[in-house]
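Examination of the molecular architecture
The residues making up each chain are set out below.
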There are 2 protein chains.
Amino acid sequence: MGVIGRYWAAVEGRAWDDLAALLAEDVVYELPQTRERVTGRDAYVRFNREYPGDWHLTVDRVHEDAAGGASWATFTVGGETMPAVTFFRFGAGGSVTHVTEFWPEPYDPPPGREHLVERY
Amino acid sequence: MGVIGRYWAAVEGRAWDDLAALLAEDVVYELPQTRERVTGRDAYVRFNREYPGDWHLTVDRVHEDAAGGASWATFTVGGETMPAVTFFRFGAGGSVTHVTEFWPEPYDPPPGREHLVERY
C-alpha cells in the first residue's frame with residue numbers, strides 16, 4: 001500500500017499515531033474553498049481527531065508517484081454522503097508535507113447543454 | 001508529457017482533433033455534483049467546444065499511472081478563477097475511457113475549529 005492508502009487507513013481507523021508517523025513535522029493542510037490552513041503535525045492530527053460526527057470513509061481512487069498524489073474518497077456522516085478530493089505532496093523519505101483538500105458540493109447544472117448531457 | 005498533460009494542452013489550445021485522438025470512442029464524462037453524464041467521443045468533444053465563455057486554464061498538478069490519473073487545474077473566465085479537479089481512467093493503448101470532474105465552489109468554514117486554523 002502506498003503513502004496515500006496508509007494515510008486514509010490511519011484516518012478511518014482513528015490510528016492517530018500511525019497518521020502522525022506519515023506526516024512531516026511542518027505539514028501544511030489547506031482547504032482552498034474556505035481558505036483555511038492548518039500548520040504542523042500536532043495541529044493537523046488534532047484537526048482530524050476533533051472532527052465532529054461519526055464519519056467514515058472509503059477510498060475510491062488513488063494515483064501516486066514519488067512527488068505526491070491524489071485521492072478521491074467518499075465520506076459518510078449519518079445518512080449523508082460526500083466526496084473528498086485530496087492532493088498530497090511528499091518530502092524527503094516520503095513524508096507528507098502538503099495536503100490540499102476539496103469538498104465539492106452539489107449544484108444545479110447550467111442551462112444550454114441539455115442536448116449533450118443526461119442526468120444520472 | 002503524459003496523457004493528462006496532452007489532454008489539457010488540447011483543451012486549452014482548442015485543438016479538438018488532438019483531444020479526440022486521446023479519447024476512447026465510448027468515453028464517459030461525469031460530473032458528480034450535478035449528476036450529468038456525456039457519453040461518446042463526439043458528444044464530449046462538442047461539450048468542450050461549445051463550452052461558453054473565453055475560458056483559459058493552467059494545470060497545477062498531475063499524477064498519472066498506467067491505469068489513469070488525476071489533475072488539479074485552474075480555470076479563468078473573465079475575472080473569475082475556479083479550480084477543476086479531474087480523475088481519468090485509461091483503457092487499452094492509453095486512451096481516456098472515463099473522465100470524472102469536480103468543480104469545488106467556495107463555502108463558509110464551519111465553526112468550532114478556529115483554534116487550529118488560520119484563514120488565507
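Residues numbered from 1 in each chain as written. Chains lettered and ligands numbered in written order. Predicted model: local features only at pLDDT ≥ 70, side-chain atom pairs only at ≥ 80, totals over all residues. Heavy atoms only, no water.

As recorded in an unreviewed UniProt entry, chain A goes by the name SnoaL-like domain-containing protein, listed as coming from Spirilliplanes yamanashiensis.

Along the backbone of chain A there are three helices and seven strands. Helices (α) and strands (β) of chain A occur, in sequence order from the N terminus, as α-α-β-β-α-β-β-β-β-β. Dimensions along the principal axes, computed over C-alpha positions, put chain A at roughly 50 × 30 × 30 Å. Counting all 120 residues of chain A, 48% fall into the buried class. A separation threshold of at least 6 residues defines the contact pool for chain A, and within that pool the share at least 24 residues apart is 40%. (Helix = DSSP H or I, 4+ residues; strand = E, 2+ residues; numbered from the N terminus. Buried < 20%, exposed > 50% of the residue type's maximum accessible area, 1.4 Å probe, protein only. Contact = heavy atoms within 4.5 Å.)

Let us look at the relation of the copies chain A and chain B. With an RMSD of 0.0 Å, chain A superimposes on chain B once it is rotated by 180 degrees and translated 0.0 Å along the axis. Accordingly, the operation relating the two chain copies is best matched by a two-fold axis. Closest approach to the rotation axis within chain A is made by the C-alpha atom of Pro104(A), at a distance of 2.1 Å. When you check the interface residues of chain A against chain B, 100% turn up at the interface there too, and the contact is symmetric in its surfaces. (Least-squares fit on C-alpha atoms with pLDDT ≥ 70 in both.)

Time to look at the pairing of strand E3 (residues 55-64) of chain B. Remember that side chains alternate between the two faces of the sheet whenever the strand is regular. All names here are of chain B. Pairing of E3 with strand E4 (residues 68-77) involves nine bridges; the strand directions are antiparallel. For Val-59, the partnering residue across the bridge sits in E4 and is Ala-73. Between the end of E3 and the start of E4, which pair antiparallel, lie three residues. (Pairing = 2+ DSSP bridges.)

This brings us to the pattern of salt bridges. Scanning all chains against the criterion turns up ten salt bridges over all chains. A salt bridge links Glu30(A) to Arg37(A); its shortest N-O distance comes to 2.7 Å. Notably, a salt bridge pairs Arg113(A) with Glu36(B), separated by 2.6 Å at the nearest N-O pair. Taken together, the residues Arg113(A) in the loop between strand E6 (96-102) and strand E7 (118-119) and Glu36(B) in strand E2 (residues 36-39) connect one chain to another. The exposure class assigned to Arg113(A) is buried, which follows from its relative accessible area of 9%. Shared partners join several salt bridges into a network, and the residues in it are Glu30(A), Arg37(A) and Glu118(B). (Salt bridge = Lys/Arg side-chain N within 4 Å of Asp/Glu carboxyl O.)

Time to look at helix H1 (residues 3-12) of chain B. All names here are of chain B. Counted residue by residue, H1 has seven buried out of ten residues, so it is predominantly covered. Within H1 the residues assigned to the buried category are Val-3, Ile-4, Gly-5, Tyr-7, Trp-8, Ala-10 and Val-11. A positive backbone phi angle near 50 degrees is found at Arg-14, which sits one or two residues after H1.

With that settled, consider the environment of Ala73(B). Residue and element names in this part refer to chain B. Tracing the backbone shows Ala-73 in strand E4. Relative accessible area serves as the criterion here: at 0%, Ala-73 is assigned to the buried category. It is 4.2 Å that separates the C-alpha atoms of Ala-73 and Val-59, two residues lying 14 residues apart in sequence.

Let's shift gears to the sheet that holds strand E7 (residues 118-119) of chain B. With mixed pairing, seven strands are arranged side by side in an open sheet as E3(A)-E4(A)-E5(A)-E6(A)-E1(A)-E2(A)-E7(B). Lying at the two open borders of the sheet, with one neighbouring strand each, are strand E3 (55-64) of chain A together with E7 of chain B. Of the strands in this sheet, strand E1 (23-31), E3, strand E4 (68-77), strand E5 (80-90) and E6 of chain A touch helix H1 (residues 3-12) of chain A, which is tilted by about 175 degrees from E3(A). Helix-sheet contacts for helix H3 (residues 41-49) of chain A involve E1, strand E2 (36-39), E3 and E6 of chain A, and the interaxial angle to E1(A) is about 55 degrees. (Axes fitted to C-alpha atoms, helices over the stretch in contact; angles between N-to-C directions.)

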